[in-house]
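# A look at the structure
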Amino acid sequence: MQGNRSKGDATTALFFVMPTMILVCVLVFFPIVKAFIDSLYKSSLILPQPVFMGLGNYGKVLKSEIFWQVLWHSFVWTLVVIFFQFLLGLGSAFLLNRDFPGRNIIRGLIILPWIIPGVIAGMLWNLLYDPQLGMLNRFLYDLNIIQRYVTWLADEKLALFAVIFVAIWKGFPFSALMYMAALQGVNQELLDAATIDGAGRWGQFYYVIVPQISPVIRITLLLTAIWTFNYFEIIYIMTNGGPGNATHIFPTYIYNVSFRQFRFGLASTYAIITFVILLVFSLMYMRELDKRELLD
Amino acid sequence: MRLHRWRSNDYIRFFLILLLLFFVLFPFFYMVSTALKTEPDQFRSPPVLFPQTPTAANFRQALEPKFIRYCINSFIVTISTTLIVISVSIFSSYAFSRLRFRGRKFLLKIIILTQLFPLIIIIIPIYMIFTKVGLVNTYLSLIIAYLAFTVPVGVWILRGFFKGIPYNLEESAMVDGATPLQAFLLIVLPLARQGISATAVYIFIFTWQEFMFALTFLSGEKMRTLHVGILDFIRQYGVNWGGLMAASTLITIPVFVLFLILQRQFISGLTQGSIKG
């Protein structure tokens, strides 16, 4: 009976799972393999026939200055963004955890930046950052923080942090949502017991709340790191990697190399390198899910 | 004593919430304000907070026929994608949540992996293939490209909902002689209605938002989706801020209202995939 059942299972499963797996193979694995093959060729608009390079593209990329710049920007961009999204997300989750009149409306409003399209967020902040027309300069000038209007997005030193700020603003509501859900699940009895044992607010936070929500924190950090690393729109819209290459991260740089310069071979090389970097994060995320038995 | 301490805490909390709201909402206020400004007001420097003489002219620009067309394009692509994703992933996610077969966990890991890898890596080869077969600038090209990453997301979220339905219901149906397929169609599917709609909402918003593929695959004047189309307000001699902000306001309001109505479904779709099993 048992054997019969799992045999029936296997046949049904085969039919049920097949469409998804075919899609994944055709649309994901095949393109990745093709990208790898393309990365072995030199190609451009003036080269009608791509030239086989072996791993030559990889050597060229690793020796180029721009690769290390883009890697560094991607690194700073991802770390700073997820760190502040974590702080702001956890902070607002705590602020909005206890019930008060109007809480639901405020919670809904706080989600706003996250649900608007990245294009709109980018353009909106382009307006706010505008040296002449933007509100940011006016505020800071009126408050005497700056002495003359700053060109936020045209300054090589400031531009990366200007776009980072927007990414934090746009993405922190997701972390807030996750931490709110996690705080709802914190065991109230344990909190009460800690209070009886004389724990103050920080004691409660450190010994009772943090251990209970730390799996959600880990998962959220990994997920936001992966998304941020891959995030394309904000930078594409706001600076398109400029001034110079000061704000290029992998997705925007690769997009430019392929769809502006049409050097698909080189772009594929970068894409494969990005893929390998992200694989590390992805495997960590998977291990986290596995530990929580979410895969069973 | 204790009462007093709580009060001062409440003041701090109140102040912090106000600060948070200002940080989040000020850009939106300025978006609407700019949308209502006349042209001279838009180009005042230093800028003014409020429109001096509010005007609806910008909104008329944002409602030009070509933008309506962009909006329809977005709907065509998003709705088709959502329908296909749901019908494909219903069966696969059921198999992953219920049936025992060899390689289940391995395939599940692949499903997750495909949600995480950089999309920039598949856009280049897919674009080259679509150019060769002449698919670029058709709705179909974008829909196919979207399936690459929405189907795995759909399978993963739906699987969580199916797991929440008690197994003994189907079991007793099968004891009574139903085949697994019948048990699935007649018992499980009706019970999973809410989960299916939550997943559909999530996929819809996910697709509606997408920019990079839409920018690349539908570049033709008539084919653009809404979020690519609003870049028309960026002109050679500068940005038409009033029109752009009016369009942004018109896009944001329905998204926000929809979100408020479907908040529960959306959040359950979201947390289903990452926190719960």
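Residues numbered from 1 in each chain as written. Chains lettered and ligands numbered in written order. Predicted model: local features only at pLDDT ≥ 70, side-chain atom pairs only at ≥ 80, totals over all residues.

## Some words on the overall build of chain A
Counting its regular elements, chain A contains 12 helices and two strands. The linear arrangement of helices and strands in chain A, starting from the amino end, is α-β-β-α-α-α-α-α-α-α-α-α-α-α. A compact globule built from 296 residues would reach a C-alpha radius of gyration of about 19 Å, whereas chain A, at 24 Å, exceeds it by more than 25%. Taking the principal axes of its C-alpha atoms as reference, chain A extends roughly 80 × 75 × 30 Å. Here chain A, with 296 residues, has 43% of them falling under the buried criterion. Taking the intrachain contacts of chain A between residues at least 6 apart in sequence as the baseline, contacts between residues at least 24 apart amount to 67%. (Helix = DSSP H or I, 4+ residues; strand = E, 2+ residues; numbered from the N terminus. Rg over C-alpha atoms; globule rule 2.2 N^0.38 Å. Buried ≥ 20, exposed ≤ 12 C-beta atoms within 10 Å, placed from the backbone. Contact = placed C-beta atoms within 7 Å.)

## Some points on the interface of chain A and chain B
Listed per partner, the contact involves 74 residues of chain A and 73 residues of chain B. Element by element, the count of residues in the side of chain A that touches chain B is highest for helix 1 (residues 2-38) of chain A, at 20 residues.

## What to know about the confidence of the model for chain A
With 97% of its residues at a pLDDT of at least 70, chain A reaches an overall mean of 88. Mean pLDDT across the secondary structure elements of chain A bottoms out at strand 2 (residues 47-52) of chain A, with 78, and peaks at helix 3 (residues 65-95) of chain A, with 95. (pLDDT = per-residue confidence, 0-100.)

## What to know about the domain arrangement of chain B
Residue and element names in this part refer to chain B. Partitioning chain B into structural domains gives domain 1 (2-42) and domain 2 (64-274). The distance between the C-alpha centroids of domain 1 and domain 2 comes to 34 Å. Contacts between the two partners involve seven residues from domain 1, matched on the other side by six residues from domain 2. When residues of the side of domain 1 that touches domain 2 are traced back to their parent elements, those giving at least two are helix 1 (2-35) and helix 2 (39-42). Element by element, the count of residues in the side of domain 1 that touches domain 2 is highest for helix 1, at four residues. (Domains from an automatic or database assignment.)

## Considering the confidence of the model for chain B
All names here are of chain B. Scored by pLDDT, chain B has a mean of 86; 94% of the residues are at 70 or more. For chain B, per-element mean pLDDT is lowest for helix 13 (residues 241-274), which scores 81, and highest for helix 11 (residues 212-217), which scores 94. Across the interface, the model reports ipTM at 0.87; the global pTM reads 0.89.

## Here we look at the environment of Gln147 of chain A
All names here are of chain A. Within the secondary structure layout, Gln147 lies in the loop between helix 6 (135-142) and helix 7 (159-184). Among the residues examined, Gln147 registers 8 C-beta atoms within 10 Å and is labelled exposed. Sequence separation between Gln147 and Asn256 is 109 residues, and the spatial gap between their C-alpha atoms is 36 Å.

## Things to note about the pairing of strand 1 (residues 41-44) of chain A
Covered by surrounding structure in strand 1 of chain A are Tyr41 and Ser43 of chain A only, the residues Lys42 and Ser44 of chain A on the alternate face being uncovered. Between strand 1 of chain A and strand 2 of chain A, which pair antiparallel in sequence order, lie two residues. (Pairing = 2+ DSSP bridges.)

## Details of helix 8 (residues 188-196) of chain A
Little of helix 8 of chain A is tucked away: zero of the nine residues are buried. Immediately beyond the C-terminal end of helix 8 of chain A, within one or two residues, lies Gly198 of chain A, with a positive phi of roughly 95°.

## Digging into the packing of helix 4 (residues 65-98) of chain B against helix 7 (residues 139-163) of chain B
Residue and element names in this part refer to chain B. Interaxial distance between helix 4 and helix 7 falls to 6 Å at its minimum, and their mutual angle equals 40°. The crossing of helix 4 and helix 7 is right-handed. The residue inventory of the contact of helix 4 with helix 7, partitioned by class, reads 18 nonpolar, eight polar and three charged. (Axes fitted to C-alpha atoms, helices over the stretch in contact; angles between N-to-C directions. Left-handed = near helix turned anticlockwise from the far one by under 90°. Nonpolar A, V, L, I, M, F, W, Y, C, P; charged D, E, K, R; others polar.)

## Quick word on the environment of Leu183 of chain A
Residue and element names in this part refer to chain A. Checked against the element boundaries, Leu183 lands in helix 7. For the pair Leu183 and Gln212, spaced 29 residues apart in sequence, the C-alpha to C-alpha distance is 8.6 Å. If we ignore the near neighbours within four places in the chain, the residues touching Leu183 are Ala93, Asn97 and Ile213.

## Some remarks on the packing of helix 12 (residues 264-291) of chain A against helix 5 (residues 104-116) of chain B
The geometry of helix 12 of chain A relative to helix 5 of chain B is characterised by a closest axis approach of 10 Å and an angle of 135° between their N-to-C directions. Accordingly, the angle class assigned to the pair helix 12 of chain A and helix 5 of chain B is oblique. Seen from above, helix 12 of chain A lies across helix 5 of chain B with right-handed handedness. For the pair helix 12 of chain A and helix 5 of chain B, contact is made by Leu278, Ser282, Tyr285, Met286 and Leu289 of chain A and by Lys109, Ile112, Leu113 and Leu116 of chain B, respectively. (Parallel < 35°, antiparallel > 145°, perpendicular 65-115°, else oblique.)

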